[in-house]
There are 2 protein chains.
Amino acid sequence: MGVVVPLSAQQEGKASLERVMALSAEPMQRVNQIILGRTGSDVQMIPQVAQHLIDSGGKRLRPILTVLCGQMFGYGADESQEGHLKLAASVEFMHTATLLHDDVVDESDMRRGKPAARMVWGNQASVLVGDFLLGQAFQMMVEVGSLDALQVLSHASAVIAEGEVMQLTTAKNTNTTEDDYLQVIKAKTAALFSAACEVGPIVATAVNPDLGEVERSALRSYGTNLGLAFQLVDDALDYGGSAKDLGKDIGDDFRERKVTLPVILAYRRSEGNEKAFWERVIVDGDQRDGDLERGIRLVRERGGLADTISRARHFGAVACDALDGLPQTEEKAALLDAVAFCIDRVT
Amino acid sequence: MGVVVPLSAQQEGKASLERVMALSAEPMQRVNQIILGRTGSDVQMIPQVAQHLIDSGGKRLRPILTVLCGQMFGYGADESQEGHLKLAASVEFMHTATLLHDDVVDESDMRRGKPAARMVWGNQASVLVGDFLLGQAFQMMVEVGSLDALQVLSHASAVIAEGEVMQLTTAKNTNTTEDDYLQVIKAKTAALFSAACEVGPIVATAVNPDLGEVERSALRSYGTNLGLAFQLVDDALDYGGSAKDLGKDIGDDFRERKVTLPVILAYRRSEGNEKAFWERVIVDGDQRDGDLERGIRLVRERGGLADTISRARHFGAVACDALDGLPQTEEKAALLDAVAFCIDRVT
């Protein structure tokens with residue numbers, strides 16, 4: 001079981017992921033081993049595509065959440081307790097499958113600064129290797145043997161896809177409301193964060209049978225709100241919220257004509273020429289030299305950036321409060337750090 | 001429990017699906033209700049795309065197999081026993097998801113004589129609605145609550161995707177061997193037939209705890225071999241094996257440059273000009289007026305059609321023998337009918 005620490009510790013100084021890393025480094029090495037073991041196939045293209053994505057520098061935030069949310073209830077102290085590790089690998093596979101399918105849906109050329117898998121192996125391989133990883137994810141969940149965990153993750157799987165379809169209908173539509181957009185990111189991003197956290201106390205019932213709806217709903221809520229904050233910060237970074245995050249290319253969303261919250265706010269608060277600008281670049285897709293710079297300037301001038309960040313802070317605060325009833329463990333402190341770090345990326 | 005009938009009954013006259021239909025009609029109505037209930041979503045495009053596929057006249061062979069394989073062990077006699085119906089709906093959703101993704105991978109324009117979903121709603125919707133259906137399939141399996149059934153179906157899910165990726169590497173390659181091809185269709189077609197059958201005795205353990213590996217392996221083998229026979233007959237029909245099956249357009253595989261068994265056999269048995277013809281139309285994709293007719297003629301002349309059908313008969317015979325140890329029920333007789341009917345489509 002994690003050591004009890006004073007919560008004030010996490011509020012000192014700048015937010016960092018040190019505690020998160022210290023607690024998850026060793027179990028995440030085992031998760032990586034599981035991931036590598038499960039991308040093997042006699043069909044050569046599968047390990048190649050999977051390796052491409054796995055090497056491409058994701059932060060592995062989702063599986064780390066699963067590991068911490070299991071550990072915080074004392075699960076994993078004994079090496080034979082590896083349910084949380086397999087579920088963490090399942091969560092990462094679900095995420096990777098989504099990325100592969102997203103690239104096809106968005107017709108993306110790049111992913112995290114590297115050529116998207118579909119540019120190297122084609123749309124076909126991206127669709128099918130995504131399906132393979134999803135199949136492997138469910139097999140691992142079955143091995144863990146918890147129907148509750150399976151229920152949570154299979155529900156998330158359907159909700160994520162539903163959110164992506166919803167996004168198709170809001171795509172390139174400047175009249176999307178903030179509420180519409182929140183509904184989309186709640187499904188397509190926050191649902192997996194939420195499930196990744198909720199399966200922690202589920203798997204930990206093996207060592208702690210008293211765990212139940214209290215712990216599950218606390219972590220479900222934490223995950224949902226962290227996911228929303230995470231996505232909104234990502235959206236802000238794409239409009240130059242910060243130059244710190246070098247992995248993120250500014251302007252990707254603009255070029256792909258995505259209607260994210262910074263644009264929604266800027267568009268709704270503007271009129272005349274400005275509205276016409278957004279309609280030309282987003283709806284018509286007619287983008288010219290200097291348009292990205294103008295878009296970034298307009299988003300800032302209309303408060304689209306600052307208010308996207310303040311919305312993210314709101315969800316971050318809700319995430320932190322959701323943990324209130326849980327025991328004061330190192331892992332809980334790390335989860336609070338994760339929220340602060342996530343918001344700090346942009347400020 | 002199904003009534004015991006003399007097995008000779010099924011050998012009289014022409015193969016028909018009458019017995020299959022009589023035994024499955026009522027439960028399949030309930031399966032259809034489940035399917036309709038699970039394609040609902042506030043995201044309008046999801047029920048639209050799903051309905052398009054569901055209406056497009058599939059034979060629902062796979063879910064019928066699940067229903068019969070549960071019923072044959074006495075499951076479903078009481079109306080509250082609906083695990084086999086939910087698993088049947090899951091199997092159909094897995095199949096439908098595969099079709100949606102296949103259309104994107106194959107860049108198909110048509111599916112069963114109607115425009116493919118991707119032509120109506122785009123590749124994006126086909127990928128994402130496929131993912132949604134897969135998520136729903138797993139949710140239904142979780143509701144049934146059998147980890148064994150989940151293991152069998154999640155394994156099939158990964159194997160199917162693996163088979164599809166394998167097919168990419170054999171696509172448009174005339175040097176594909178018969179063994180390579182069998183490996184592909186075993187994964188991409190037979191795995192789901194096999195799983196659809198095997199979950200029958202699994203769910204039926206609820207009423208019949210003595211069921212075990214004997215029944216499971218019998219139906220697993222039956223499903224695998226029926227699936228292989230089914231796919232080979234389909235391949236033969238596409239080269240004009242029969243004019244009876246009006247739903248099937250002759251020449252689709254030729255136009256899509258698929259290397260199916262009729263072509264593999266015809267190519268390997270030919271030389272000179274004929275080999276060059278196959279390389280031009282399949283490898284180079286240079287297809288001209290009259291090429292389809294020539295392809296059909298060459299496949300016939302080289303025995304590619306007759307021998308594909310004889311291979312299908314072989315697997316059909318293995319499927320029938322696999323059922324040998326099982327009790328003589330109406331359902332077993334129906335499963336034997338299904339094999340005969342499947343082969344009869346082509347002769």
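The preceding data block contains the structure.
K.L.:
Honestly, the relation of the copies chain A and chain B in this entry has me stumped. Any pointers?
P.N.:
Relating one copy of the chain to the other takes a rotation about an axis and a shift parallel to that axis. Superposing chain A onto chain B requires a rotation of 180 degrees together with a translation of 0.0 Å along the rotation axis, leaving an RMSD of 0.0 Å. Here the transformation between the copies is reduced to the relation of a two-fold axis. A shared binding surface is used by both copies, with 100% of the interface residues of chain A retained as interface residues in chain B.

K.L.:
Help me out: how do you make sense of the interface of chain A and chain B in this one?
P.N.:
The extent of an interface is frequently quoted as the accessible surface area lost upon association of the parts. Counting from both sides, the interface comprises 36 residues of chain A and, opposite them, 36 residues of chain B. Both sides of the chain A and chain B interface together cover about 3,300 Å² of buried area, and 77% of this is carbon and sulfur. Here chain A and chain B share 0 salt bridges between them. Counting across the chain A and chain B interface gives 8 residue pairs in polar contact (both at pLDDT 80 or more). Elements represented by at least two residues in the side of chain A that touches chain B include exactly helix H2 (45–54), helix H4 (83–106), helix H5 (117–144) and helix H6 (147–170) of chain A. Counting residues per element, the side of chain A that touches chain B draws most heavily on H6(A), which supplies 14 residues. Taken together, the residues of the side of chain A that touches chain B sort by class into 20 nonpolar, 12 polar and 4 charged.

K.L.:
What is the right way to look at the environment of B:Glu331 in this model?
P.N.:
All names here are of chain B. Relative to the helices and strands, Glu 331 is located in helix H14 (residues 330–344). When the C-alpha atoms of Glu 331 and Gly 70 are compared, they prove to be 9.3 Å apart, with 261 residues separating the residues in sequence. Of note is the side chain of Glu 331, whose polar atom sits 3.3 Å from the side chain of Gln 71.

K.L.:
Looking at this model, I keep getting lost on the nonpolar core. Mind explaining?
P.N.:
The tendency in soluble globular proteins is for nonpolar side chains to be buried as a group. Judged by nonpolar contacts, the single largest core of 238 residues is most densely connected at A:Leu219, A:Tyr222, A:Trp278, B:Leu219, B:Tyr222 and B:Trp278. Each residue touching B:Trp278, except ones within four places of it in the same chain, is listed here: B:Thr174, B:Tyr239, B:Phe254, B:Val263, B:Ala266, B:Tyr267, B:Ser270, B:Val283, B:Gly295, B:Leu298 and B:Val299.

K.L.:
How should I be thinking about the pattern of salt bridges in this particular structure?
P.N.:
Opposite charge on two side chains permits pairing when their charged atoms draw close. All names here are of chain B. One pass over the full model with this rule turns up 38 salt bridges over all chains. The partner of Arg 220 in a salt bridge is Glu 198, with the nearest N and O atoms 3.0 Å apart. Placement of Arg 220 in helix H8 (residues 213–237) and of Glu 198 in helix H7 (residues 178–204) is noted, with a sequence separation of 22 residues between them. Taking relative accessible area as the criterion, Arg 220 reaches 28% and is therefore assigned partly exposed.

K.L.:
Where do I start with the state of the cysteines in this structure?
P.N.:
When the sulfur atoms of two cysteines share a covalent bond, that bond is a disulfide. Residues and elements named next belong to chain A. Tallied over the full model, the rule gives 0 disulfides over all chains. You can see Cys 342 has no disulfide; the closest cysteine sulfur is in Cys 320, sitting 10 Å from it. Note on Cys 342: relative accessible area 3%, which makes it buried.

K.L.:
I would appreciate a short explanation of helix H6 (residues 147–170) of chain B in the present structure.
P.N.:
In a regular helix each residue adds 1.5 Å, so 24 residues correspond to 34 Å; H6(B) covers 34 Å between its end C-alpha atoms and thus fits that length. B:Lys172, located one to two residues past H6(B), shows a positive phi value of around 60 degrees.

K.L.:
Even after reading the chapter, I still don't get helix H3 (residues 61–71) of chain B, so can you show me in this structure?
P.N.:
Residue pairs spaced three or four apart in an α-helix point in one direction, given the helix's 3.6 residues per turn. Residues and elements named next belong to chain B. Across the 11 residues of H3, 11 count as buried, placing the element largely inside the fold. Within H3, the full set of buried residues consists of Leu 61, Arg 62, Pro 63, Ile 64, Leu 65, Thr 66, Val 67, Leu 68, Cys 69, Gly 70 and Gln 71. Here the buried face of H3 lies against helix H1 (18–38), helix H4 (83–106), H7, H8 and H14.

K.L.:
How should I be thinking about empty space enclosed by the protein in this particular structure?
P.N.:
Rolled over the atoms, a probe as big as a water molecule pinpoints where empty space is left. Scanning all chains against the criterion turns up 4 cavities of 30 Å³ or more. There is about 160 Å³ of room inside the largest cavity. Lining of the largest cavity is provided by A:Met94, A:Ala97, A:Thr98, A:His101, A:Asp102, A:Leu134, A:Ser157, A:Ile160, A:Ala161, A:Glu164, B:Leu128 and B:Asp131. Of all the secondary-structure elements, those providing two or more residues to the lining of the largest cavity are H4 and H6 of chain A together with helix H5 (117–144) of chain B. It is H4(A) that provides the largest number of residues to the lining of the largest cavity, a total of 5 residues. Split into classes, the residues belonging to the lining of the largest cavity amount to 6 nonpolar, 3 polar and 3 charged.

K.L.:
When you look at the packing of H6(B) against H7(B) in this model, what are you seeing that I'm missing?
P.N.:
Residues and elements named next belong to chain B. Their axes nearest at 7 Å, the elements H6 and H7 cross at an angle of 170 degrees. By the angle between their axes, H6 is roughly antiparallel relative to H7. Where H6 approaches H7, its residues Asp 148, Ala 149, Val 152, Leu 153, Ala 156, Val 159, Ile 160, Gly 163, Glu 164, Met 166, Gln 167 and Thr 170 are matched on the opposing element by Gln 183, Val 184, Ala 187, Lys 188, Ala 191, Leu 192, Ala 195, Glu 198, Val 199 and Ile 202.

K.L.:
So what exactly am I meant to see when it comes to the side chain of B:Thr308 here?
P.N.:
All names here are of chain B. Locating Thr 308 in the fold gives a position in helix H13 (residues 304–322). On the basis of relative accessible area, Thr 308 is assigned to the buried category, the value being 0%. Polar contacts involving the side chain of Thr 308 include one to the main-chain carbonyl oxygen of Gly 304, which spans 2.6 Å. Beyond its immediate chain neighbours, meaning those up to four positions away, Thr 308 contacts Leu 232, Ala 236, Leu 261, Pro 262 and Leu 265.

K.L.:
Help me understand the packing of H4(A) against H5(B) in this model?
P.N.:
When two helices pack together, their arrangement is captured by the angle between the axes and the distance separating the axes. At a closest axis distance of 8 Å, the pairing of H4(A) and H5(B) adopts a crossing angle of 155 degrees. Our classification of the angle between H4(A) and H5(B) gives roughly antiparallel. Viewed along their axes, H4(A) and H5(B) form a crossing whose handedness is left-handed. Contacts from A:His101, A:Val104 and A:Val105 of H4(A) reach H5(B) at B:Gln124, B:Val127, B:Leu128 and B:Asp131. Considering only residue class, the contact of H4(A) with H5(B) consists of 4 nonpolar, 2 polar and 1 charged.

K.L.:
Honestly, the packing of aromatic side chains in this entry has me stumped. Any pointers?
P.N.:
Both the distance between ring centres and the angle between the ring planes are used here to describe each pair of aromatic rings. Tallying each qualifying case throughout the model produces 11 aromatic pairs over all chains. Each ring, one from A:Phe277 and one from A:Trp278, has its centre 5.2 Å from the other, and the planes form 70 degrees; the classification is edge-to-face. Look at A:Phe277 and you get buried, because its relative accessible area is 2%. Judged by its relative accessible area of 0%, A:Trp278 falls in the buried class. Judged by centre distance (6.3 Å) and plane angle (70 degrees), the ring pair of B:Phe254 and B:Trp278 falls under edge-to-face. Placement of B:Phe254 in helix H9 (residues 252–255) and of B:Trp278 in helix H11 (residues 272–283) is noted, with a sequence separation of 24 residues between them. You'll find B:Phe254 and B:Trp278 in the same group, each marked buried. Among the aromatic residues, ring-to-ring pairing joins A:Tyr239, A:Phe254, A:Phe277 and A:Trp278 into one connected group. The positively charged end of A:Lys275 is found above the aromatic ring belonging to A:Tyr267, 4.7 Å away from the centroid.

Rules used throughout
Residues numbered from 1 in each chain as written. Chains lettered and ligands numbered in written order. Predicted model: local features only at pLDDT ≥ 70, side-chain atom pairs only at ≥ 80, totals over all residues. Heavy atoms only, no water. Least-squares fit on C-alpha atoms with pLDDT ≥ 70 in both. Contact = heavy atoms within 4.5 Å. Buried area = accessible area lost by both parts, 1.4 Å probe. Salt bridge = Lys/Arg side-chain N within 4 Å of Asp/Glu carboxyl O. Polar contact = N/O pair within 3.5 Å; in protein donor to acceptor, adjacent residues only side chain to side chain. Helix = DSSP H or I, 4+ residues; strand = E, 2+ residues; numbered from the N terminus. Nonpolar A, V, L, I, M, F, W, Y, C, P; charged D, E, K, R; others polar. Core = buried A, V, L, I, M, F, W, Y, C linked by side-chain atoms within 4.5 Å. Buried < 20%, exposed > 50% of the residue type's maximum accessible area, 1.4 Å probe, protein only. Disulfide = S-S within 2.5 Å. Expected span 1.5 Å × (residues − 1). 1 Å grid on protein atoms, 1.4 Å probe; cavity = no way out; pocket = protein on both sides within 12 Å on 5 of 7 lines; lining within 4 Å. Points joined across faces, edges and corners; volume = space filled by probe spheres on them. Axes fitted to C-alpha atoms, helices over the stretch in contact; angles between N-to-C directions. Parallel < 35°, antiparallel > 145°, perpendicular 65-115°, else oblique. Left-handed = near helix turned anticlockwise from the far one by under 90°. Phe/Tyr/Trp six-rings, centres within 6.5 Å; stacked < 30°, edge-to-face > 60°. Lys NZ or Arg CZ within 6 Å of the ring centre and 35° of its normal.

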